[in-house]
Amino acid sequence: MEVRKEMTLKNIPTKASQEYRNFPMVPRVVYGKGSFNTLGDILMSKRKHSEAPMIYLVDDVFENTDLLNRIPKIFCDQIILISAEDEPKTQQVDALVSMLKENYNELPSGIIGIGGGTLLDLAKAVAIMLTNKGGAAEYQGWDLVKKQPIYHVGIPTISGTGAEVSRTTVLMGPEKKLGINSDYTTFDQVLLDPDLTVGVPKEQWFYTGMDCFIHCVESLNGTFLNAFSKSYGEKSLELCKEVFLEDIDESESREKLMMASWHGGMSIAYSQVGVAHAMSYGLGYVLGVKHGIGNCLVFQFLEEFYPEGVVLFNNMLKKHKIVLPKGVCSNLTESEMDTMITVALGMEPLWENALGENWKSIITAQKLKAIYQKI
């Protein structure tokens, strides 16, 4: 009897599938002042049953505030307050996943991140690791996630990171700072309520907003740029200029920066970021410098790569009377400097976007060291 072997076509990449990436987008988004009040209704249809909780990961800055009372917590739902002082870590993700698996007989119905980039990235990572074996560090890289995560929702309370719309969750691992970049990372639902960003401290507002501005500059000046990314990047840059260089009402500013963040995150979907982000990862890994301020510390010295962007950046610094820290890298050992450079150079897609396929002939360890020494 002849045995017929069937060909599994789905595992054979075609030339077209390799050239044209089929990226995910957030399928559902609610926008508007006060829209946080719709969260209960949104989540109700996603609840499996009373023993499968909704888990809320919330920035602990909201402890003892009215926001916690507004969270639709029913049945065995749990609110977990988390400090955003440190960058999110792979060990932190693994600990949260282990705790949830130990405390509940059922997988959660959903993970809801409420906060800035740190909380949003944690929510995405925990949702992924609840359904994928091993530790989070094993998935740092591109397209390593194989199983669908559980339902996850992003609710930003500060604008600029683009984490609410991106396909990555950036984590500090034992060997590197790198995102879990995958089609499974993107949120299933995002809720954009500008009222949630009221009261953000000025310097934090500025540094996080500059993350968005630098997203745009790096995307628009990158070799990966195309009409798709350009349309989002240009709109985001326009909004950033209004927010940080013009005198507009605070309420309008909050709304425009929230949309700048969204468009800035979308601008790198078919593109990438560049030099500042790559070098900021090095600062974050070795010194624990937070992402927003890390980008700023590097970007001020990148006239060679982004001359127009640096001029705008300096004008924004001056207008808002922001003074960047000095001497951040002054006490580094040679070993620490080498590690910082290694982490930065490891971000190959970022360098290729910034400088093209021959980036290794342009960027050297010595050049990076010279920039780091200025910071």
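Preceding this section is the structure that the text describes.
Once a new chain begins, its residue numbering starts again from 1 and follows that chain's sequence as written. A pLDDT threshold of at least 70 governs which residues receive local features in this predicted model, and a stricter bar of 80 or more applies before side-chain atom pairs are shown or counted, although totals over entire chains, interfaces and linings include all residues. Calculated side-chain values reflect all of the structure's heavy atoms, with hydrogen atoms and water omitted.

Asks: Go over the state of the cysteines with me, naming the residues and quoting the values.
Replies: Any pair of cysteine sulfurs within 2.5 Å is marked as a disulfide. One pass over the full model with this rule turns up 0 disulfides. Distance from the sulfur of C212, which forms no disulfide, to the nearest cysteine sulfur (C240) is 3.7 Å. Buried, partly exposed and exposed residues are distinguished by accessible area as a fraction of the type maximum, computed with a 1.4 Å probe on protein chains only: under 20%, between the cut-offs, and over 50%, respectively. The class for C212 is buried, based on a relative accessible area of 0%. Considering cysteine sulfurs only, C296 is the nearest to C329, which forms no disulfide, with 14 Å between them.

Asks: Requested: an account of the nonpolar core, with residues and values cited.
Replies: Within this scheme, the nonpolar core is defined by two criteria: the residues are buried Ala, Val, Leu, Ile, Met, Phe, Trp, Tyr or Cys, and they are joined through side-chain atoms within 4.5 Å. Among the nonpolar cores identified, the biggest contains 58 residues, and F206, F213, L283, F299, L302, F313 and Y372 are the most heavily contacted of them. Listed in part, the 36 residues of the second largest apolar core include M129, I150, A163 and M266.

Asks: Can you tell me about the packing of aromatic side chains, naming the residues and giving the values?
Replies: For any two aromatic rings, the description comes down to two numbers: the centre-to-centre distance and the angle of the planes. When two rings of Phe, Tyr or Trp (its six-membered ring) have centres within 6.5 Å they constitute a pair, described as stacked for plane angles under 30 degrees, edge-to-face for angles over 60, and tilted for the intermediate range. One pass over the structure, following the stated rule, counts 9 aromatic pairs. Each ring, one from F206 and one from F244, has its centre 5.8 Å from the other, and the planes form 85 degrees; the classification is edge-to-face. Taken as a pair, F206 in helix α6 (residues 202-220) and F244 in helix α7 (residues 227-245) lie far apart in primary sequence, 38 residues in all. Summarising the burial analysis for this pair, F206 and F244 share the class buried. Taken together, a centroid distance of 6.5 Å and an interplanar angle of 55 degrees make the contact between F305 and Y306 tilted. Given the relative accessible area of 15%, F305 is considered buried. By relative accessible area, which is 3% here, Y306 ends up buried. Ring-pair connections join several aromatic residues into one group, and the members of that group are F213, F299, F305, Y306 and F313. Only DSSP runs of H or I reaching four residues or more are called helices, and only runs of E reaching two or more are called strands; each is numbered from the N terminus.

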